[in-house]
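# Per-entry structural report
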Amino acid sequence: MPASTQISLRTAVILPFVLIFLFTMGLIIAVQNTNYEEMVSDISRKQLSTLTDNVGLELDSFLNRPFQASLVLRHNIESNQLYTTDNLSLLQKVMFESFEALYTDVPQLDNIGFGGEGGQYIGLRKEDINHYSLMLQDERTNNELIIFKDHQISANIRSIIAEYDPRQRPWYTAVANQHYSHWSSIYTNADERQEITLSAISPVWYQQAFQGVVVSDIKLETFNIFLRDQQAKTAATIYLFDEQQRIVAHSESGSIVSWGTELSPGDSGNSTVY
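Residues numbered from 1 in each chain as written. Predicted model: local features only at pLDDT ≥ 70, side-chain atom pairs only at ≥ 80, totals over all residues. Heavy atoms only, no water.

When its secondary structure is counted, the protein shows four helices and twelve strands. When the 274 residues of the protein are sorted by exposure, 41% land in the buried category. Put simply, of all contacts in the protein between residues at least 6 apart along the chain, 52% involve residues at least 24 apart. Roughly 15500 Å² of accessible area belongs to the protein as shown, and the carbon and sulfur atoms make up 54% of that amount. (Helix = DSSP H or I, 4+ residues; strand = E, 2+ residues; numbered from the N terminus. Buried < 20%, exposed > 50% of the residue type's maximum accessible area, 1.4 Å probe, protein only. Contact = heavy atoms within 4.5 Å. Areas by Shrake-Rupley, 256 points an atom, 1.4 Å probe, with all protein chains shown as cover.)

Its location among the elements puts S70 in helix α1 (residues 9-80). Each residue touching S70, except ones within four places of it in the same chain, is listed here: A200, S202, V214, V215 and S216.

Okay, a nonpolar patch on the surface next. Residues L19, F21, L22, M25, I28 and I29 make up a contiguous nonpolar surface patch of about 570 Å² in total accessible area. As for its position among the elements, M25 is in helix α1. On the accessibility criterion, M25 (35% relative accessible area) is partly exposed. (Patch = residues over 30% accessible without salt bridge, like charges linked within 9 Å, V, L, I, M, F, W, Y side chains within 5 Å. Salt bridge = Lys/Arg side-chain N within 4 Å of Asp/Glu carboxyl O.)

To continue, consider the pairing of strand β9 (residues 209-219). Residues in a regular strand project their side chains so that they alternate between the two faces of the sheet. With nine of eleven residues buried, β9 is to be regarded as a mostly interior element. As paired elements, strand β1 (residues 111-116) and β9 share six bridges and run antiparallel to each other. Each bridged residue has a counterpart across the sheet, and for G116 the counterpart in β9 is G212. Across ten bridges, strand β8 (residues 196-206) lies against β9 in antiparallel orientation. (Pairing = 2+ DSSP bridges.)

Our focus in this paragraph is helix α2 (residues 89-105). Residue pairs spaced three or four apart in an α-helix point in one direction, given the helix's 3.6 residues per turn. For α2, built from 17 residues, the straight-helix expectation of 24 Å at 1.5 Å per residue is met to within 8% by its first-to-last C-alpha distance of 25 Å. Of all bends in α2, the biggest is about 40°, found at F99. Of the residues making up α2, those classed as buried are L91, Q92, V94, M95, F96, F99, L102 and Y103. (Expected span 1.5 Å × (residues − 1). Bend = angle between axes of the 7 residues up to and from the residue.)

Here we come to the confidence of the model for the protein. Taken as a whole, the protein shows an average pLDDT of 80; of its residues, 78% reach a score of 70 or greater. Mean pLDDT values for the elements of the protein range from 40 in strand β12 (residues 271-273) up to 95 in strand β4 (residues 145-148). (pLDDT = per-residue confidence, 0-100.)

Enumeration according to the criterion identifies nine aromatic pairs in this entry. Judged by centre distance (4.3 Å) and plane angle (25°), the ring pair of F62 and F226 falls under stacked. Highlighted residues: F62 in helix α1 and F226 in helix α4 (residues 220-234), separated in sequence by 164 residues. Classification of F62 by relative accessible area gives buried; the value is 10%. (Phe/Tyr/Trp six-rings, centres within 6.5 Å; stacked < 30°, edge-to-face > 60°.)

Most of β1 sits inside the fold, with six of its six residues counted as buried. Alternating residues of β1 divide into N111, G113 and G115 and I112, F114 and G116, and every residue in both groups is buried. In this structure, β1 lies alongside strand β2 (residues 121-128), joined through five bridges in antiparallel fashion. Residue N111 lies in a different strand from β2, and its bridge partner there is R125. As consecutive antiparallel partners, β1 and β2 are separated by four residues, and within that stretch G119 has a phi angle of approximately 95°, a positive value.

It is worth spelling out helix α3 (residues 170-178) at this point. Among the residues making up α3, those that are buried are W171, Y172 and V175. Down the axis, α3 shows its buried residues gathered within 100° of arc, on one side only. Taken together, the buried residues of α3 touch β1, β2, β6 (182-183), β7 (187-188), β8 and β9. Looking one or two residues beyond α3, the residue adopting positive phi is H179, at roughly 60°. (Arc of directions from axis to C-beta.)

Its location among the elements puts T222 in helix α4. Those residues in contact with T222 that sit more than four places away from it in its chain are F62, Q108 and D110.

Moving on: the nonpolar core. Judged by nonpolar contacts, the single largest core of 27 residues is most densely connected at L73, I77, L91, M95, I112, F114 and I122. Of all the elements in the fold, those that place two or more residues in this core are α1, α2, β1, β2, β3 (131-137), β4 and β8. A per-element tally of this core places α2 first, with seven residues. Counting 16 residues, the second-largest nonpolar core is a separate cluster that includes L59, I196, I218 and F226. (Core = buried A, V, L, I, M, F, W, Y, C linked by side-chain atoms within 4.5 Å.)

Right, dumping it as structure tokens:
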């Protein structure tokens, strides 16, 4: 007689309930895991969005003050007609008196200057918190760009830049062609240091006659210092991109190549980009 397996009535009654219970528990666990992952992802997105907004506000403030400095100098030149095509001594005096305190109040401002339609140039480059180098090209320098070791003309000269023409510089041509105040593209300075710079630039007018360009510089290394300060506050690695998606500043140690790089910041889980 063949062997047969019989299921007791009790087992037959309980087994479907056990299977239903196990299926239900598995479904609940799967749904909970999915909801948890979605919740974590949503919280992460919100945290990153908040962090990005906060750093963006700090960056706006960081950029606004040098931009306003350009507008103030532009207004002073226009209202007092400080620019003449031969000698920039009056503009030199006003710039130093007006902007000595500005360099202390706006530490991100590395240089402020003016280039005229006659080919003259004057700038005050910050060396440290209380020390500035005069950069001058007018009839007093035989129309050569001389960078002095102090804020005034003297025999102490840092460098002489031959055949310098401010009208050919990227910060000048951008305004000469468009005639409105804005930020320049990234470029390399023509001085002896060849530093990579971003500038707030503004046109100067006498009535309807274009006279030249006011330029306020922020070096990219100054950007990096600002971003490192933000990283210390937020524990996030921050990258600043230009419109071509090239990295132009970052919060990590080290420098970047001129004109940015197309290298991505990698797969860091705490990166903020602009």
